[in-house]
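Architecture at a glance
Listed below, chain by chain, are the residues.
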Amino acid sequence: MTDGASRSTVFITNMASDHDYKSATVYGALRPITTGNYPVFKSGRLLEEIAASLSQSEETDYLLFSGSSFIAGICLAVWLQRHKECKSLLYDKSQRGYASRVIRKSDIIIQLEKARGEDDDE
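Here's what I pulled together on the structure shown here. (Residues numbered from 1 in each chain as written. Predicted model: local features only at pLDDT ≥ 70, side-chain atom pairs only at ≥ 80, totals over all residues. Heavy atoms only, no water.)

1. Focus on the overall build of the chain
- Along the backbone of the chain there are three helices and five strands.
- On the principal axes, the C-alpha backbone points of the chain span a range of 50 × 40 × 35 Å.
- Residue burial in the chain is summarised as follows: out of 122 residues, 32% are buried.
- Within the chain, counting contacts between residues at least 6 apart in sequence, those at least 24 apart form 50% of the total.
- For the chain, the computed accessible surface area is about 7,800 Å², with 51% contributed by carbon and sulfur atoms. (Helix = DSSP H or I, 4+ residues; strand = E, 2+ residues; numbered from the N terminus. Buried < 20%, exposed > 50% of the residue type's maximum accessible area, 1.4 Å probe, protein only. Contact = heavy atoms within 4.5 Å. Areas by Shrake-Rupley, 256 points an atom, 1.4 Å probe, with all protein chains shown as cover.)

2. What to know about the pattern of salt bridges
- Applying the stated criterion across every chain, the model contains three salt bridges.
- Salt-bridge contacts for Arg45 lead to Glu49; the nearest nitrogen and oxygen are separated by 3.4 Å. Pair noted here: Arg45 and Glu49 are both in helix α1 (residues 43–54), with a separation of four residues, about one helical turn.
- On the accessibility criterion, Arg45 (41% relative accessible area) is partly exposed.
- Here Asp107 and Arg104 are joined by a salt bridge, their closest N and O atoms 4.0 Å apart.
- Residue classification places Arg104 among the partly exposed residues on the basis of a relative accessible area of 36%.
- Connected via shared salt-bridge partners are Glu85, Arg104 and Asp107. (Salt bridge = Lys/Arg side-chain N within 4 Å of Asp/Glu carboxyl O.)

3. Quick word on the pairing of strand β4 (residues 85–92)
- The pairing of strand β3 (residues 62–64) with β4 spans three bridges and is classified as parallel. Bridging across to β4, Leu64 finds its partner in Leu89.
- Read from β3 through helix α2 (residues 69–82) to β4, the crossover connection turns out right-handed.
- Sheet topology places β4 next to strand β5 (residues 97–104); eight bridges connect them, and they run antiparallel. Within the sheet, the bridge partner assigned to Leu90 lies in β5 and is Ala99. (Pairing = 2+ DSSP bridges. Right-handed = clockwise from strand over helix to strand, strands pointing away.)

4. Considering α2
- Its 14 residues give α2 an end-to-end C-alpha distance of 20 Å, which sits within 8% of 20 Å, the value for a rise of 1.5 Å per residue.
- Every buried residue of α2 is listed here: Ile71, Ala72, Ile74, Cys75, Leu76, Val78, Trp79 and Leu80.
- The opening residue of α2 is Ser68, an N-cap whose side-chain oxygen sits 3.2 Å from the backbone nitrogen of Phe70. (Expected span 1.5 Å × (residues − 1). Polar contact = N/O pair within 3.5 Å; in protein donor to acceptor, adjacent residues only side chain to side chain.)

5. What about α1?
- With 12 residues, α1 extends 16 Å from end C-alpha to end C-alpha; this agrees with the ideal 16 Å at 1.5 Å per step.
- All buried positions along α1 are accounted for by Leu46, Ile50, Ser53 and Leu54. Buried positions in α1, seen along its axis, are confined to an arc of 90 degrees and lie on one side of it.
- Looking at the buried residues of α1, the elements they touch are β1 (9–12), β2 (29–32) and α2. (Arc of directions from axis to C-beta.)

6. Points about the environment of Asp61
- By the secondary structure assignment, Asp61 is in the loop between α1 and β3.
- With relative accessibility at 3%, the residue Asp61 sits in the buried group.
- Along the chain, Asp61 and Thr25 lie 36 residues apart, while their C-alpha atoms are 12 Å from each other.
- When sequence neighbours within four positions are dropped, the list of residues in contact with Asp61 reads Ser8, Thr9, Phe11, Gln56, Trp79 and Lys87.
- Only 2.8 Å separates the side chain of Asp61 from the backbone nitrogen of Thr9, close enough to count as a polar contact.

Have a look at this one:
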């Protein structure tokens, strides 16, 4: 965001026509990365589409996980190559809306190094 009038964008990993994403609009404007029943076995094409879409993302934007876990995994990997952290949105049934959780690349690295150190101790 460059000024107070700008809004974040909510990138949706795989937008489904039968799901109501309205409660996510409090975080920003909705923008699907993929839609519907995407042919996930065309992984090269999928990666190209995800990279093209997320190349437009900013650190202040959000990644809403929806649909295919394979697509979501690639989206998160691309996001963390582009940014230091990912502000993710997860649906919380009890709140009937989305909750934000931050995933930091540095935290992942720390946990991997910690786990590797524990493996060395054995």
